[in-house]
Amino acid sequence: MLRLFPAFAALIALAACSNKAPSSGLDTKAALQSLRFSEDFHAEVFASEPNIADPVEVVFDDRGRAFVAEMLDLPDDPPTGKSARGRIRMLEDTDGDGKVDKATVFAENVNQCSGLIPWKGGLIVPVSPEILYMKDTDGDGKADVREVWFTGFFHGNPEAQISNPRFGVDNWIYFSNTGNAGLVKSPKHPDQPAVQVRGYDFRYQPVKGIFEPISGTAQYGATFDNWGNRFISQNTVHLRHVVLPQPYLARAPLLEVSTTMQDPYFEHDRRMYPLTPAPEWRVIRTRLRQERYDELKTGRIEHAAGYITGATGSTMYHGDAWPAEYQGSIFTGDVSANLVRRDLIAPEGVTFRARPAREGVEFLASTDPWFRPTNFANAPDGNLYVTDMQRDVIETPVSIPDELRKKLDFYRGDDLGRIYRIAANNPRTKRGLAVNLGAMNSAELVGLLSHENGWHRETAHRLLLERQDKSIAPKLVEVATTGASAPGRLRALWLLEGIGALDQATVGKALSDKQPEIREHAIRLAEAYPALEKQVLSMTADPNARIQMQLAFSLGNSKSPAARAAVVEIAAKHIADPWIGSAALSSAADSPGAFLAAVIRRTKPAAVPKQLLGAVGSLAGTRQQPAEMQAFVQALNGTQDPAAGLSGLARGLTLAGARNLKAPGMEAALSRYLNGGVEPAWDVASHFEMRGLVDRSVREALSSETPAAKRRLAIMALRGAGFERARDTVAKILETNPTAELQTAAVLALSSYDGKEVAPAILGHWRAYAPDTRAKAIGALLARQDRIPVLLDAIEKGEIPANALEVGARNRLLEIQDAKLAERAKKIIGAPGDRAAVVAVNKDALNLKGNVERGKQVFEDACAKCHLPRREGARVGPDLAGINMKTKEELLTAILDPSASIEPRFVNYLVTTKDGRMFDGVLASETAGAITLRGGSEQDVTIPRAQIAEIRASNISLMPEEIEKTVGKQGLADVIAYLQGGL
């Protein structure tokens, strides 16, 4: 039985007592004294209320003025009909004493703005669902230009909206998008096609006017090192390195890549060392959640404190005021624990290793529970600035138990805010904020590209990119080729590209630069100069791992035999490195079989990792080249895991919809693996015409002596037998009353065929099917539009009861593309009713005492299939671990009217392919070449974009409706009691 009642009693006691948090934040002097540094630093107040409130981002323009994004509306949007309170302020230190003495409201009514970046005298401002451009043109300090440059981004949870614009050394502006869906278009660039950013971050090249999705799913915090490596953060994973660039992966859209990011923490856990205790509501919530995790046997551990959970604003220090050893450190705030973490970053292979600068103590921690370090900024004076939002509660309300939520004021502190300057006690240099880079001529700005302070380098770079002044090209060439500062040489190189003045000779010299990072970027730039290929090829002996990965990417743009051989050589030399393997495969995606064979010739077959085998096999399967596939299967002999390669090949063949392929010699090659018990060989065989293997599959499928697992594979292999033989064999199998697993295999084998005979063949054995097989049979009938009339006929005749249709099947019928079929389906199975009225009718269930054990049974029967992790892959519905934070009213509505509010991540998508096949499910992943749907079955389904005729989002939730008819009001009370953990 759940043991949550003591925790609930503690929660009620806490809610009843006076709130133990301070009734107001500390004044500025006391707040400053609350800050504790573990290293030789101190904090100085740069700005505080009333000059600012709720700051979440600060940037400095070319005149040293600070612009601050203030999120006064956090955590919710303003009420309907009310204007947003959020704003942008311009702060100035007019007397040079290091403190703000003038504050001007630059822009008002800016809803949930959490990022800014200067551009052409104004600001680019992400304000979900848009990115705006604001500018003051009359000098009064207030924006009189307010243009929409982009629209279509996700708008919802303010913690996960478009944010954090960052200027890259490559002339692009990068934005954090948390991977949220959005079809983004640009009113400023209407000639550019809209892009889908689901699963990606976003970037924009403001001079060229192009934009695209990019690798990464940054939440709030993104930064670059001096060489353009991008690091991002997310609540609990506060540091990630984005390794694989999306533009290269996009040229091989069907390449399997498990991730594009690396967590550089490796063996280090994410322990943190706050000086403030966890709020009591968090302690109780943790206890409730942990009991739920234990009850559901998830193995997950919830911590109330001591581990990073609220990471924000990761920023690499690039200043020159601090001791030199601090350059390149990454600073991340944890708003939940009132502290700042410093991490040291060191190269390791193509990525990095990170560790806390000091074990057991934070760089900065406060004794003030209202200290909320949201973000950081490098500044003209060479110091690092930190924004402190100064809120009593920083958590989103939906994550706090309802009984306590009622007692908390989520806006307490919205009139407070601080920006601190973090300064070294023994600075290397002292400089004020007063600058005027915008007044400098272009030649003077070129000199600043080599400045020791990164803010000066970046600002000079940006201004020169804005000006597009080609007269400085000779000076840029001089800096790029002979400059003493390596970061300066790199910026000069990219600026030449940005103003359209880069030439082959300059890139050629950069390919020989003594700094490996510049050689890496030069390889990328050399892609535009085919005459440099010979010099680029000579770099395959370069010992730097990142250069090797860039070569593997860049050489894929060349079709010369020498370039292809070099890609193979790099892959073989770095056979154990999955990152370089992915880079090489992105370049060899048009000849994966030849690539693998060449790699094996240069190394031992057993050395080839299974990840590479699977990826090569999948690419080979999608291409459907008989000779290539046969060579691939033969090449697997001697590898450490031929099953991985065959599984990949089968995935690719399925992805391509391959049927009845002819490949002389393939049967003998596969038989060798089948005789050795390598089961995926059956999956491969089912896509080919192989008389001998078909005979074998029929024999083993019919034999009750065949082990169940092997028999299932043999039945599935009937997909290669021809419909008549498969139908007759399946009929004989089903006559023996086999297990549900074998029945399902038989249905899926029949479903793989086309033709009007398929649907009757599947329906012909309906009465013998087990419940799970019936669901698969209905799914098979819904898999093609031409089978749906047969299904509807069977329902009308009473051969199949309408209640046999699960929610996903009902949705697909009701939202089918064919209007006549959809209308017929509505008449037969009924259109969705007024669920709001059903909620109202069942309101009195809230007054009944619920039984946790009975509710648990209801949950397991009706909900667990989607809401608990599956054997393979993630869950289909939301994780309910925190569901006990919901009120009874909220839970009743969610249960009875699930379509009223569908979480974006769990929208059901309906996909129709060009050959008439139909699929539905939540979107599990998406690449430039394919989408993957996750439905009720254990295996995800991947569909190439080239095969998709239509994809659209359903308005109907995947949660089943009409549960009230089966469980009644008492059952509703019981399941609500279970979901609330007995509360």
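Reading guide: rules and limits
- Residues numbered from 1 in each chain as written.
- Predicted model: local features only at pLDDT ≥ 70, side-chain atom pairs only at ≥ 80, totals over all residues.
- Heavy atoms only, no water.
- Helix = DSSP H or I, 4+ residues; strand = E, 2+ residues; numbered from the N terminus.
- Rg over C-alpha atoms; globule rule 2.2 N^0.38 Å.
- Contact = heavy atoms within 4.5 Å.
- Phe/Tyr/Trp six-rings, centres within 6.5 Å; stacked < 30°, edge-to-face > 60°.
- Lys NZ or Arg CZ within 6 Å of the ring centre and 35° of its normal.
- 1 Å grid on protein atoms, 1.4 Å probe; cavity = no way out; pocket = protein on both sides within 12 Å on 5 of 7 lines; lining within 4 Å.
- Points joined across faces, edges and corners; volume = space filled by probe spheres on them.
- Nonpolar A, V, L, I, M, F, W, Y, C, P; charged D, E, K, R; others polar.
- pLDDT = per-residue confidence, 0-100.
- Buried < 20%, exposed > 50% of the residue type's maximum accessible area, 1.4 Å probe, protein only.
- Polar contact = N/O pair within 3.5 Å; in protein donor to acceptor, adjacent residues only side chain to side chain.
- Pairing = 2+ DSSP bridges.
- Axes fitted to C-alpha atoms, helices over the stretch in contact; angles between N-to-C directions.
- Salt bridge = Lys/Arg side-chain N within 4 Å of Asp/Glu carboxyl O.
- Core = buried A, V, L, I, M, F, W, Y, C linked by side-chain atoms within 4.5 Å.
- Parallel < 35°, antiparallel > 145°, perpendicular 65-115°, else oblique.
- Left-handed = near helix turned anticlockwise from the far one by under 90°.
- Expected span 1.5 Å × (residues − 1).

Moving on: the overall build of the protein chain. Secondary structure assignment for the protein chain yields 35 helices and 33 strands. Expected size for 983 residues packed as a compact globule is a radius of gyration near 30 Å; at 31 Å, the protein chain falls within 12% of this value. Projected onto the principal axes, the alpha-carbon positions of the protein chain cover approximately 90 × 75 × 50 Å. The long-range share in the protein chain, meaning contacts at least 24 apart out of those at least 6 apart in sequence, stands at 66%.

In this section: the packing of aromatic side chains. Summed over all chains, the structure comprises 27 aromatic pairs. Relative to W149, the ring of Y133 has its centre 4.6 Å away and its plane inclined at 10 degrees; by these criteria the two rings are stacked. Of this pair, Y133 sits in strand β9 (residues 130–135) while W149 sits in strand β10 (residues 145–151), and the two are 16 residues apart along the sequence. Joined through ring pairs, the aromatic side chains of Y133, W149, F150, F153, F175, F202, Y204 and F211 make up one cluster. One Lys or Arg, R353, reaches over the ring of F266 and ends 4.2 Å from the middle of that ring. R672 extends its terminal NZ or CZ atom over the ring of Y673, reaching a point 5.8 Å from the ring centre.

A separate point is the layout of surface pockets. The method is simple in principle: a probe with the dimensions of a water molecule rolls over the atoms, and the space it marks as empty is what remains. Considering only enclosed or pocket space, the second largest pocket measures out at about 840 Å³ in volume. Residue lining of the second largest pocket: 40 residues in total, with D170, Y174, R203, P245 and R524 positioned closest to the centre. Put simply, the parts of the chain that give the lining of the second largest pocket at least two residues each are β15 (201–205), β16 (210–214), β19 (240–242), α3 (246–250), α9 (486–498), α11 (516–525) and α13 (545–554). The residue inventory of the lining of the second largest pocket, partitioned by class, reads 20 nonpolar, 10 polar and 10 charged.

We now examine the confidence of the model for the protein chain. Summary statistics for the protein chain give a mean pLDDT of 88 and a share of 91% for residues scoring 70 or more. Segment residues 1–23 is flagged for pLDDT under 50; beyond a separation of four residues in sequence, or across chains, it makes 46 contacts in the model. With pLDDT under 50 throughout, residues 868–877 is counted as low confidence; its partners more than four residues away or in other chains account for 28 contacts.

Let's shift gears to the side chain of R519. Assignment of secondary structure puts R519 in helix α11. Classification of R519 by relative accessible area gives buried; the value is 14%. Here D513 takes part through its backbone oxygen, which lies 2.8 Å from a polar atom of the side chain of R519. Those residues in contact with R519, other than ones at most four positions away along the chain, are A510, L511, S512, D513, K514, M539, D542 and I547.

Pairing between the strands of a sheet comes from backbone hydrogen bonds, and it takes one of two forms, parallel or antiparallel. Spatial ordering of the open sheet is given by β2-β28-β27-β26, a layout of 4 strands whose pairing is antiparallel. Sheet topology places β2 (41–48) and β26 (373–378) at the edges, where each strand pairs with a single neighbour. Each adjacent strand pair in this sheet contributes to an overall mean axis angle of 25 degrees, direction not counted. With 5 bridges connecting them, strand β27 (residues 384–388) and strand β28 (residues 418–424) associate as antiparallel partners. For V386, the partnering residue across the bridge sits in β28 and is Y420.

In this section: the pattern of salt bridges. Tallied over the full model, the rule gives 44 salt bridges. Where R489 meets D513, a salt bridge forms, and the shortest distance between an N and an O atom there is 2.9 Å. Placement of R489 in helix α9 and of D513 in the loop between α10 (504–510) and α11 is noted, with a sequence separation of 24 residues between them. Side by side, R489 and D513 carry an identical accessibility label, which is buried. Across the pair R546 and E520 runs a salt bridge, and its minimum N-O distance is 3.0 Å.

Among the 6 residues that make up β26, 6 are buried, leaving the element largely enclosed by the rest of the structure. Alignment of β26 against β27, held across 5 bridges, turns out to be antiparallel. Across the sheet, N375 pairs through a bridge with T387, a residue of β27. The antiparallel pairing of β26 with β27 creates a hairpin that spans 5 residues between the two strands, and G382 there sits at a positive phi of about 90 degrees.

Another aspect to go through is helix α16 (residues 592–602). Those residues of α16 lying buried are P592, G593, F595, L596, A598, V599 and I600. Of the surrounding elements, those touching the buried residues of α16 are α14 (561–573), α15 (578–587), α17 (610–623) and α18 (626–635).

Within the secondary structure, P578 is located in helix α15. For the pair formed by P578 and R546, sequence separation is 32 residues and the distance between their alpha carbons is 13 Å.

Before going further, it helps to spend a moment on the nonpolar core. Taken as a class, soluble globular proteins show a tendency for nonpolar side chains to be buried jointly. Counting residues in hydrophobic clusters, the biggest one holds 141 residues, and the most contacted among them are F60, F202, F595 and L670. Judged by nonpolar contacts, the second largest core, of 48 residues, contains L734, A780, L791 and L805.

Quick look at the packing of α17 against α18 now. Remark: α17 packs on α18, axes separated minimally by 9 Å, with the N-to-C direction vectors making an angle of 160 degrees. In terms of orientation, α17 lies roughly antiparallel with respect to α18. Two packed elements cross with a definite hand, and for α17 against α18 that hand is left-handed. Between α17 and α18, the contacting residues are L613, V616, G617, A620, G621 and R623 on the first element and E628, M629 and F632 on the second. Here the contact of α17 with α18 is built from residues that sort into 5 nonpolar, 2 polar and 2 charged.

The residue R784 is located in the loop between α27 (771–781) and α28 (788–796) in this model. Residue R784 is classed as buried on the basis of its relative accessible area, which comes to 13%. With near-sequence residues (within four places) excluded, R784 lies in contact with D754, D915, G916, R917 and M918.

Our next topic: empty space enclosed by the protein. Applying the stated criterion across every chain yields a total of 5 cavities of 30 Å³ or more. Of the pockets and cavities examined, the largest cavity occupies roughly 590 Å³. Counting residues per element, the ones that place at least two in the lining of the largest cavity are β3 (55–60), β7 (117–119), β11 (163–167), β17 (222–224), β21 (311–316), β26 and α7 (454–467). Across the lining of the largest cavity, the residue classes break down as 15 nonpolar, 9 polar and 7 charged.

Looking now at helix α19 (residues 642–656). Under the 1.5 Å per step criterion, the end-to-end length of α19 is 21 Å for 15 residues, consistent within 8% with the ideal 21 Å. For α19, the tally of buried residues reaches 11 of 15 residues, placing the bulk of the element in the interior. The set of residues buried in α19 consists of P642, A644, G645, L646, G648, L649, A650, G652, L653, L655 and A656. Buried residues belonging to α19 abut α17, α18, α20 (666–675), α21 (680–685) and β32 (941–944). Looking at the residues trailing α19, positive phi occurs at G657, about 70 degrees.

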